[in-house]
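Take a look at the letters that make up each chain.
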Protein chains: 2
Amino acid sequence: MEAFKDELRRVGEQIGEFIQNDPFPETVRPPALGDAVRDYPGRGGKRIRPALVLWACELFGGDREQAIPAAAAIEIYHNWTLVHDDIIDRDDLRRGMPSTHVTVRDYAASKLNAAPEQAAFFGESLAILAGDVQQGWAVERLASVADRGVDPALALTLVRAMQTKLNRELISGEARDVEFELLDPSAVSIPDVMSMINGKTGAIMEFALHCGAAIAKGAYEPKSPDFVALSRYAVNLAAAFQLQDDMLGVFGDEKVLGKPICSDFQEAKPTMLFLEAIHHLDAAGRARLDSCLRLPRYTDADVAAIRAILTESGSAETVRNSIAALSACASAALRQLPDNQWRTMLDTLVEQMLVRSV
Amino acid sequence: MEAFKDELRRVGEQIGEFIQNDPFPETVRPPALGDAVRDYPGRGGKRIRPALVLWACELFGGDREQAIPAAAAIEIYHNWTLVHDDIIDRDDLRRGMPSTHVTVRDYAASKLNAAPEQAAFFGESLAILAGDVQQGWAVERLASVADRGVDPALALTLVRAMQTKLNRELISGEARDVEFELLDPSAVSIPDVMSMINGKTGAIMEFALHCGAAIAKGAYEPKSPDFVALSRYAVNLAAAFQLQDDMLGVFGDEKVLGKPICSDFQEAKPTMLFLEAIHHLDAAGRARLDSCLRLPRYTDADVAAIRAILTESGSAETVRNSIAALSACASAALRQLPDNQWRTMLDTLVEQMLVRSV
């Protein structure tokens, strides 16, 4: 446990320092765009995704130093999707600080004397472009493993995997999530939701692990048993994490959540929790649940009512069981891999992500 | 002349067919996003940028078939920047058809019954994501030259050049252009404008030529004389083209233009034409010119007044001389390169782009 936390802190420091010293954003103009490009990747956060790269590399006896640019690349890749997501989801905060489009908007208003509407539009425009530059940065940083002794042909293969499999799965997941908002939530199927989760959360974890393994092994072999085991670990971990997130969003403590309680109901999101409930409710129960969607605010009584419906319908228990099963599958996948301290790190990550101490 | 037009038609057919049959967008979900990803690259247009790749490859005796994926990659790269530009510039038309964000908006309104505001937001969100997928597609397509016998190390080098030099220069050019809109146009310097033009238009022409040359030569050597000559050609051609565009925007025929006459004045854009004028005008002339900015519409009398000021100040002549000088520099740069039919194509392109028959 202490070893896990120390190691995660070490990853955070290594990746933070590497990104801080990365010259890529320096020549971006105007300076406001360069600052926007540096912003999220420099903010820290838990650095789980780069940790997956480094641990998978060490798991197979690879050289951690070779994998550091790849780990930074995954972190930058994750961050460009966040910059664009925050525009799309109209989120004004990211890790407790203003989102990119808000920071640039405020800069335009205060330094360029832009009128409010003009400043907001400028903020969104530069945030779109900042994410675009960051995608380029991520590709270049992954390719640069070739400067640390990785075979250029393997570096090219990794870049191609990132820009085909990861790019399409991740953005398709995001697009489905956006589309869900326009649909009646009960019209969405559970497989659709699981596929969306896998795209938005699982694909990048899987690719992070594959990158680290490929650098250690000198080959990217997504169909080989070790890679398949890493995929199973990633997909199950990501799904467990997302379902746990949905549970906390209803049953958790608003003070700890960092977002309003029941916000998924406010946005009428088709979560597993919601879909399981409607499958088990009669017409009257269904009507009660539907009446809890899209309320302007959620009183204690509303929250209590939602919790009661989800509990009585058996939905909460079903989802809790799914989380346990998915976590067990993630851990089971690890048992086919070399037994060393890095496998222990990955195993500890499963429990830590679910208790949310990381 | 006929040979030039035939060859450009041939490029259009080859690239159009290649992109049409490219499986990359197939697995993108939901289908509305996949359609958006295919849309612009499939629309045709003049295919000047892919022509530059193929002609530079043939110029140095390279195998055109090897360069075709790179030519398609440049076209896709250009198109993702257009998708995002059209959101940023609020352009609802592209090549005479609805822009991506408009197409998706109309789909959401008609097929998903979204309310107008919701449909517009959905259109912009999916257009952001479509450009993001297209950037990935362009990288993968360039990397895939390795499947046609190009050394993987060279393919990696080309990908890195695209995602560092081209990505940063092109997007920085776009961001400067967006920033100019917030500034007093007279506060922008001529070097700033030329640097913006080079980023927005010159960088991708330069990279297209370098890609073709690198594939032919088996090496990417941006500091070697051949590459430097191609850079000089590209930078001068792009600048001449942009200045010509500015001239036509004021002195051209609205019916041919495809946009309202004097739209640069309406948007208070700091064009060379405008900046040259204010440098030569006294306070009274300057006030007259300023009074022509941001008018709700431009009457024949307004247009005549603007033309008179630009002519009397000597600005129109200065810009016309610059276009001639830049075109001559572009052609001169070619004289250091092998003298064959492909060099003739590039030379013919200079005149054709300026008379705008292409």
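Just so you know, these numbers come straight off a predicted model, no measurement behind them.

### Structural notes on the overall build of chain A
Inference 1: What chain A contains, in helices and strands, is 16 helices and 2 strands.
Inference 2: A compact globule built from 358 residues should have a C-alpha radius of gyration of about 21 Å, and chain A, at 21 Å, falls within 12% of that.
Inference 3: Taken along the three principal axes of its C-alpha coordinates, chain A extends 65 × 60 × 35 Å.
Inference 4: Taking all 358 residues of chain A together, the buried fraction comes to 60%.
Inference 5: In chain A, the proportion of contacts linking residues at least 24 apart, taken out of those at least 6 apart, comes to 74%.

### A look at the pattern of salt bridges
Inference 1: Following the criterion strictly, the structure yields 46 salt bridges over all chains and no others.
Inference 2: Ionic pairing is found between R47 of chain A and E75 of chain A, a salt bridge with its closest N-O pair at 2.9 Å. Linking R47 of chain A in the loop between α2 (31-42) and α3 (48-59) with E75 of chain A in helix α4 (residues 64-88), this pair joins segments that are 28 residues apart in sequence. Each of the two residues, R47 of chain A as well as E75 of chain A, counts as buried.
Inference 3: Bridged by salt links that share partners, the residues D22, E140, R141 and D147 of chain A together with R160 of chain B form one connected network.

### Focus: the interface of chain B and chain A
Inference 1: On the side of chain A, 55 residues touch chain B, which itself brings 55 residues to the contact.
Inference 2: Of the roughly 4700 Å² buried between chain B and chain A on both sides combined, carbon and sulfur atoms contribute 67%.
Inference 3: Summed over the three residues of chain B that lose the most area to chain A, namely R160, R168 and L182 of chain B, the buried surface amounts to 14% of that side.
Inference 4: Connecting chain B to chain A are 16 residue pairs in polar contact (both at pLDDT 80 or more).
Inference 5: Breaking the side of chain B that touches chain A down by element, the ones donating at least two residues are α4 (64-88), α5 (100-111), α6 (116-143) and α7 (152-180) of chain B.
Inference 6: Top contributing element to the side of chain B that touches chain A by residue count: α7 of chain B, with 17 residues.

### Remarks on the relation of the copies chain B and chain A
One copy of the chain maps onto the second through a rotation around an axis plus a translation along that axis.
Inference 1: Between chain B and chain A, the superposition needs a rotation of 180 degrees and an axial shift of 0.0 Å, giving an RMSD of 0.1 Å. Interpreted geometrically, this transformation is the action of a two-fold axis. Considering only C-alpha atoms, the part of chain B nearest the rotation axis is L156 of chain B, at 2.8 Å.
Inference 2: By residue overlap, the copies meet face to face through one surface: 100% of the interface positions of chain B are interface positions in chain A.

### Observations concerning the nonpolar core
Inference 1: Counting 265 residues, the largest nonpolar core has Y233 and F265 of chain A together with Y233 and F265 of chain B as its most contacted members.
Inference 2: The residues contacting F265 of chain A, other than those within four sequence positions of it, are V250, F274, L289, C292, L293, R294, Y298, I306 and L310 of chain A.

### Some points on the environment of L281 of chain A
Residue and element names in this part refer to chain A.
Inference 1: You can see L281 is positioned in the loop between α12 (272-280) and α13 (283-290).
Inference 2: Taking C-alpha positions, L281 is 56 Å from N21, a pair spaced 260 residues apart along the chain.
Inference 3: The contacts of L281, once residues within four sequence positions are left out, are R286, L289, I309 and S313.

### What about the packing of aromatic side chains?
Inference 1: Evaluation of the coordinates by the stated rule reveals 10 aromatic pairs over all chains.
Inference 2: Here F265 of chain A and F274 of chain A contribute two aromatic rings whose centre-to-centre distance is 6.1 Å and whose plane-to-plane angle is 75 degrees, an arrangement assigned as edge-to-face.
Inference 3: Take F265 of chain A: its relative accessible area is 2%, and that puts it in the buried class.
Inference 4: Take F274 of chain A: its relative accessible area is 1%, and that puts it in the buried class.
Inference 5: Centroid distance Y77 of chain B to W80 of chain B: 5.4 Å. Interplanar angle 70 degrees. Geometry classified as edge-to-face. Of this pair, Y77 of chain B and W80 of chain B both sit in helix α4, 3 residues apart, roughly one helical turn. In this structure, Y77 of chain B and W80 of chain B share a single accessibility class: buried.

### Details of α2 of chain A
All names here are of chain A.
Inference 1: With 12 residues, α2 should cover 16 Å at 1.5 Å per step; its first-to-last C-alpha distance of 16 Å lies within 8% of that length.
Inference 2: Here α2 has its buried residues at A32, L33, G34, A36, V37, D39, Y40 and P41.
Inference 3: Positioned one or two residues after α2, G44 has a phi angle of 90 degrees, which is positive.

### Considerations on the side chain of R94 of chain A
All names here are of chain A.
Inference 1: Checked against the element boundaries, R94 lands in strand β1 (residues 93-94).
Inference 2: Side-chain polar atoms of R94 contact the side chain of D86, separated by 2.6 Å.
Inference 3: With residues up to four places along the chain from it excluded, the contact list for R94 reads Y40, R43, L82, D86 and S99.

### Focus on the side chain of S99 of chain B
Residue and element names in this part refer to chain B.
Inference 1: Residue position: S99 is located in the loop between β2 (97-98) and α5.
Inference 2: Overall, the relative accessible area of 0% leaves S99 in the buried class.
Inference 3: The contact partners of S99, leaving out residues within four places of it in the chain, are Y40, D86, D91, D92, L93 and R94.

### Notes on unusual backbone geometry
Residues and elements named next belong to chain A.
Inference 1: In this structure, the amide linkage connecting R29 to the following residue, P30, adopts the cis form with an omega of -10 degrees.
Inference 2: As for its position among the elements, P30 is in the loop between α1 (2-20) and α2.
Inference 3: In the Ramachandran plot, R294 falls in the positive-phi region, its phi being about 55 degrees despite a non-glycine side chain.
Inference 4: With respect to the helices and strands, R294 occurs in the loop between α13 and α14 (300-312).
Inference 5: Given the relative accessible area of 51%, R294 is considered exposed.

### Remarks on the packing of α12 of chain A against helix α15 (residues 315-334) of chain A
Residues and elements named next belong to chain A.
Inference 1: Closest axis-to-axis distance for the α12/α15 pair is 8 Å, and the angle between their directions is 130 degrees. Classified by the interaxial angle, the pair formed by α12 and α15 is oblique. The way α12 lies across α15 gives a crossing that is right-handed. Judged by residue contacts, M272, L273, E276 and A277 of α12 engage S315, A316, T318, V319 and S322 from α15.
Inference 2: Of the residues contributing to the contact of α12 with α15, the split by class is 5 nonpolar, 3 polar and 1 charged.

### Points about the environment of E7 of chain B
All names here are of chain B.
Inference 1: Here E7 is to be found in helix α1 (residues 2-20).
Inference 2: In sequence terms E7 and A51 are 44 residues apart; their C-alpha atoms lie 8.8 Å from each other.
Inference 3: Not counting residues up to four positions away in its chain, the partners in contact with E7 are W55, R64, W342 and M345.

### Quick word on the confidence of the model for chain A
All names here are of chain A.
Inference 1: In this model, chain A carries a mean pLDDT of 94, and residues with pLDDT of at least 70 account for 99%.
Inference 2: Here helix α10 (residues 254-257) stands out as the least confident element of chain A, with mean pLDDT 76; α3 is the most confident, with 98.
Inference 3: This complex was scored by the predictor with a pTM of 0.95 and an ipTM of 0.94.

Parameters at a glance
Residues numbered from 1 in each chain as written. Chains lettered and ligands numbered in written order. Predicted model: local features only at pLDDT ≥ 70, side-chain atom pairs only at ≥ 80, totals over all residues. Heavy atoms only, no water. Helix = DSSP H or I, 4+ residues; strand = E, 2+ residues; numbered from the N terminus. Rg over C-alpha atoms; globule rule 2.2 N^0.38 Å. Buried < 20%, exposed > 50% of the residue type's maximum accessible area, 1.4 Å probe, protein only. Contact = heavy atoms within 4.5 Å. Salt bridge = Lys/Arg side-chain N within 4 Å of Asp/Glu carboxyl O. Buried area = accessible area lost by both parts, 1.4 Å probe. Polar contact = N/O pair within 3.5 Å; in protein donor to acceptor, adjacent residues only side chain to side chain. Least-squares fit on C-alpha atoms with pLDDT ≥ 70 in both. Core = buried A, V, L, I, M, F, W, Y, C linked by side-chain atoms within 4.5 Å. Phe/Tyr/Trp six-rings, centres within 6.5 Å; stacked < 30°, edge-to-face > 60°. Expected span 1.5 Å × (residues − 1). Axes fitted to C-alpha atoms, helices over the stretch in contact; angles between N-to-C directions. Parallel < 35°, antiparallel > 145°, perpendicular 65-115°, else oblique. Left-handed = near helix turned anticlockwise from the far one by under 90°. Nonpolar A, V, L, I, M, F, W, Y, C, P; charged D, E, K, R; others polar. pLDDT = per-residue confidence, 0-100.

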